[in-house]
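Chain by chain, the residues:
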Amino acid sequence: MLDDLRRARTLVVHPRDEEGTALVDQLRRLGCEVSIAWPPPAALPPDIDTLFIQLDDLDVTHLLAGIEEMRPAVIAIVTYESPTSLKALVDFDAHGVLSKPIRPRGVLSQFALARYRRGYETRLANKIEKLEETMKGRRTVEKAVRVITEINGLDEDAAYRMLRDRATAARMTLTSVAESVVSAHEAMSGLGLHISLADRS
């Protein structure tokens, strides 16, 4: 975990006061790359993966689009636990929170927690994306099987075997062949034509 923290590329959006300087110094002692920006920048630097950001003083909502796109670990810095600050925590999808005045104790745990949560969310999003692609491919294969059954008068098992055999012979994925079958069928149907896979070599 400490190795992960040392690899972090961190931006601190906080006034260049005693607290801001102390926070940057503490992060640098961990060995990670740190920069500080105040007033808040117009956009987030493209190479950061962790963001400490004060949500109390200036309006920083213009950074939300960059946060949503880059998905850094976000540690919010707040002074008051007001309805406004709580809403900001949700809006910024904060992975961790530091209350002001900032104390050295707690920074490391919030830093580590935020990095862990970001990593977990990224892995979960990747799994969901792969699952969605799998389900999309399965629906395409099912659609191609229906096309083959309708055109060639086969049952679903035979149609699936035909589709699978074509994929194996062409050294293509089953989904790719299914997409080709569906696209060809839709194109031919649009012209009022039909084609039989059984007649194709």
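Residues numbered from 1 in each chain as written. Predicted model: local features only at pLDDT ≥ 70, side-chain atom pairs only at ≥ 80, totals over all residues. Heavy atoms only, no water.

Engineer: So what exactly am I meant to see when it comes to the overall build of the protein chain here?
Structural biologist: Counting secondary structure elements, the protein chain contains seven helices and five strands. Helices (α) and strands (β) of the protein chain occur, in sequence order from the N terminus, as α-β-α-β-β-α-β-α-β-α-α-α. For 201 residues, the compact-globule formula gives about 17 Å, and the C-alpha radius of gyration of the protein chain, at 27 Å, lies well above that figure. Taken along the three principal axes of its C-alpha coordinates, the protein chain extends 80 × 35 × 25 Å. With 201 residues in all, the protein chain has 38% of them scored as buried. (Helix = DSSP H or I, 4+ residues; strand = E, 2+ residues; numbered from the N terminus. Rg over C-alpha atoms; globule rule 2.2 N^0.38 Å. Buried < 20%, exposed > 50% of the residue type's maximum accessible area, 1.4 Å probe, protein only.)

Engineer: So what exactly am I meant to see when it comes to the pairing of strand E4 (residues 73-78) here?
Structural biologist: Look at any regular strand and the pattern is simple: side chains alternate between the two faces of the sheet. A large share of E4 lies buried, amounting to six of its six residues. Judged by which residues are buried, E4 turns out to be covered on both faces: Ala73, Ile75 and Ile77 on one side and Val74, Ala76 and Val78 on the other are all buried. Taken together, the five bridges between strand E3 (residues 50-54) and E4 define a ladder with parallel strand orientation. Bridge pairing in E4 links Ile53 to Ala76. Two elements, E4 and strand E5 (residues 96-99), share four bridges in a ladder whose sense is parallel. Note on E5: the bridge partner recorded for Ile77 is Leu98. In this region the chain leaves E4, passes through helix H4 (residues 83-91) and returns to the parallel neighbour E5; the handedness of that crossover is right-handed. (Pairing = 2+ DSSP bridges. Right-handed = clockwise from strand over helix to strand, strands pointing away.)

Engineer: Explanation requested: the nonpolar core in the structure shown.
Structural biologist: Side chains that are nonpolar tend, in soluble globular proteins, to be buried together. Judged by nonpolar contacts, the single largest core of 19 residues is most densely connected at Val12, Leu23, Leu27, Phe52 and Phe111. At the level of elements, helix H2 (18-29), strand E2 (33-37), E4 and helix H5 (107-152) are the ones that each hand at least two residues to this core. Among the elements that make up this core, the one with the highest residue count is H5 (four residues). In this view, Leu27 contacts Thr10, Val12, Cys32, Val34, Phe52, Val107 and Phe111; residues no more than four positions away in its chain are not counted. Leu11, Val13, Ala37 and Phe92 belong to the second largest nonpolar core, which has 18 residues in total. (Core = buried A, V, L, I, M, F, W, Y, C linked by side-chain atoms within 4.5 Å. Contact = heavy atoms within 4.5 Å.)

Engineer: Even after reading the chapter, I still don't get the side chain of Thr149, so can you show me in this structure?
Structural biologist: Inspection of the secondary structure puts Thr149 in helix H5. Thr149 sits in the buried class, given a relative accessible area of 18%. Apart from the residues lying within four places of it in its own chain, the contact partners of Thr149 are Leu154, Asp155, Glu156 and Ala159.

Engineer: Honestly, a negative patch on the surface in this entry has me stumped. Any pointers?
Structural biologist: Taken together, the side chains of Glu142, Asp155, Glu156 and Asp157 make up a negatively charged region of the molecular surface. With respect to the helices and strands, the residue Glu156 is situated in helix H6 (residues 156-170). (Patch = residues over 30% accessible without salt bridge, like charges linked within 9 Å, V, L, I, M, F, W, Y side chains within 5 Å. Areas by Shrake-Rupley, 256 points an atom, 1.4 Å probe, with all protein chains shown as cover. Salt bridge = Lys/Arg side-chain N within 4 Å of Asp/Glu carboxyl O. Lys, Arg positive; Asp, Glu negative; His and termini not counted. Charge placed at Lys NZ, Arg CZ, Asp CG, Glu CD.)

Engineer: Explain the sheet that holds strand E1 (residues 9-13) to me, please; I cannot follow it from the model alone.
Structural biologist: Pairing between sheet strands relies on hydrogen bonds along the backbone, with the strands arranged either parallel or antiparallel. Across the sheet, which stays open at both edges, the five strands sit in the order E2-E1-E3-E4-E5 with parallel pairing between neighbours. What marks the edges here is a single partner per strand, and that holds for E2 and E5. Sheet twist, expressed as the mean angle between neighbouring strand axes with direction ignored, is 15°. (Axes fitted to C-alpha atoms, helices over the stretch in contact; angles between N-to-C directions.)

Engineer: Would you mind going over the UniProt feature "domain: ANTAR" (unreviewed entry) in the protein chain with me for this structure?
Structural biologist: Within this numbering scheme, the UniProt entry marks residues 121-182 as carrying the feature "domain: ANTAR" (unreviewed entry). Annotated as 90% helix and 0% strand, the span residues 121-182 places its first and last C-alpha atoms 35 Å apart. (UniProt positions renumbered as here; feature names shortened; annotations may be inferred.)

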